[in-house]
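Notes for the structure review
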Amino acid sequence: MINILVIVSLIIFYTLFIGRTISLARNGIKVIVLGGVSNKINNLLENLTLPFLILWAILILLKVFNIEIPIIFDLIIKNSYLSYIGVILCYMGLAIFLSALISFGNSWRVGIDNNNQGKLVTAGVFKYSRNPIFLFMDIYFIGITLIYPTPIFILMTLIFVVGSHKQILNEEKHLEKIYKEEYLNYKKQTRRYL
C-alpha cells in the first residue's frame with residue numbers, strides 16, 4: 001500500500017510540475033530559467049536541480065519495484081510507522097506545492113528569471129511561507145527518506161535541503177534588488193519556511 005501511495009505522489013508531483021510548465025510555455029512564458037546567476041556555485045546548484053529530481057524519481061521507482069541496486073543503497077532501518085509518517089509528509093508537501101502553484105499564477109519559474117519580473121507574490125500560501133515550493137520539496141524529500149531510509153536517500157535529502165537553502169538565500173538577494181522595500185516589508189511579515 002505504501003508503495004502505491006508513493007507512486008501516486010510521484011505522478012501527482014510530475015503531472016503538476018510538467019503540466020504547469022507546458023501551460024505557461026503555451027502562453028509564451030519561459031518557466032525553466034536555470035543557470036542565470038553570476039555565482040558559479042549557485043549556477044551549479046541551479047543546473048543540477050532537474051537532473052537531481054530525475055535521479056531521485058528513478059531511485060524511488062527502483063525501491064518501489066524492488067529492483068536490485070548496489071549494496072550502498074540498501075535499507076538502514078525499516079519501520080512501518082516511519083513509512084506512514086513519510087506518506088503523510090509527502091501528501092502534505094504536495095498540498096503545499098499545489099497551493100503554491102495556484103498562488104503563483106503566471107509568475108512561477110524554476111530558477112531566477114532576470115528578464116521577466118512579475119508582481120511580487122505575497123497572497124495565498126505565500127502569506128505563511130516565503131518559499132512554499134522549497135518547503136514542499138524539503139517535506140517531500142524527508143517523507144520519502146522516512147519511507148525508504150537508505151544511505152542514498154538520506155544523503156540526497158541532506159544535499160537537497162542544504163542546496164535549496166543556499167538557493168533561497170540567493171533568491172532573496174535577487175528579490176531585494178528587484179522589489180526593494182516591498183520585499184523587505186514582506187520578509188518582516190512572513191517567515192522563510194513556516
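Refer to the structure presented above.
Here's what I pulled together on the structure shown here. (Residues numbered from 1 in each chain as written. Predicted model: local features only at pLDDT ≥ 70, side-chain atom pairs only at ≥ 80, totals over all residues. Heavy atoms only, no water.)

Let us now look at the pattern of salt bridges. Taken as a whole, this structure holds three salt bridges when the rule is applied. The closest approach of N and O atoms between Lys187 and Glu176, which form a salt bridge, is 2.6 Å. The class for Lys187 is partly exposed, based on a relative accessible area of 27%. Through salt bridges with shared partners, a single ionic network connects Arg130, Glu172 and Arg192. (Salt bridge = Lys/Arg side-chain N within 4 Å of Asp/Glu carboxyl O. Buried < 20%, exposed > 50% of the residue type's maximum accessible area, 1.4 Å probe, protein only.)

The end-to-end C-alpha separation of helix α2 (residues 40-64) is 36 Å, in line with the 36 Å expected for 25 residues at 1.5 Å each. Its maximal kink placed at Thr49, α2 deviates by approximately 40°, while the proline Pro51 follows within four residues. Within the span of α2, buried status applies to Asn42, Asn43, Glu46, Thr49, Phe52, Leu53, Trp56, Ala57, Leu59, Ile60, Lys63 and Val64. Against the buried residues of α2 lie α1 (2-26), α4 (132-147) and α5 (151-189). Positive phi appears at Asn66, one or two residues downstream of α2, with a value of about 50°. (Helix = DSSP H or I, 4+ residues; strand = E, 2+ residues; numbered from the N terminus. Expected span 1.5 Å × (residues − 1). Bend = angle between axes of the 7 residues up to and from the residue. Contact = heavy atoms within 4.5 Å.)

To continue, consider a nonpolar patch on the surface. There is a patch of nonpolar side chains on the surface, built from Met1, Ile4, Val8 and Ile12 and spanning about 380 Å² of accessible area. Inspection of the secondary structure puts Met1 in the segment before α1. (Patch = residues over 30% accessible without salt bridge, like charges linked within 9 Å, V, L, I, M, F, W, Y side chains within 5 Å. Areas by Shrake-Rupley, 256 points an atom, 1.4 Å probe, with all protein chains shown as cover.)

As for its placement among the helices and strands, Gln167 is situated in helix α5. Residue classification places Gln167 among the buried positions, given a relative accessible area of 14%.

Taking 1.5 Å per residue as the helical rise, α1 with its 25 residues ought to reach 36 Å, and the 36 Å between its terminal C-alpha atoms agrees with that figure. Within the span of α1, buried status applies to Ile2, Val6, Ile7, Ser9, Leu10, Phe13, Phe17, Arg20, Thr21 and Leu24. Where α1 is buried, its residues meet α2, α3 (80-104) and α4. Among the residues trailing α1, Gly28 stands out with phi positive, at a value near 80°.

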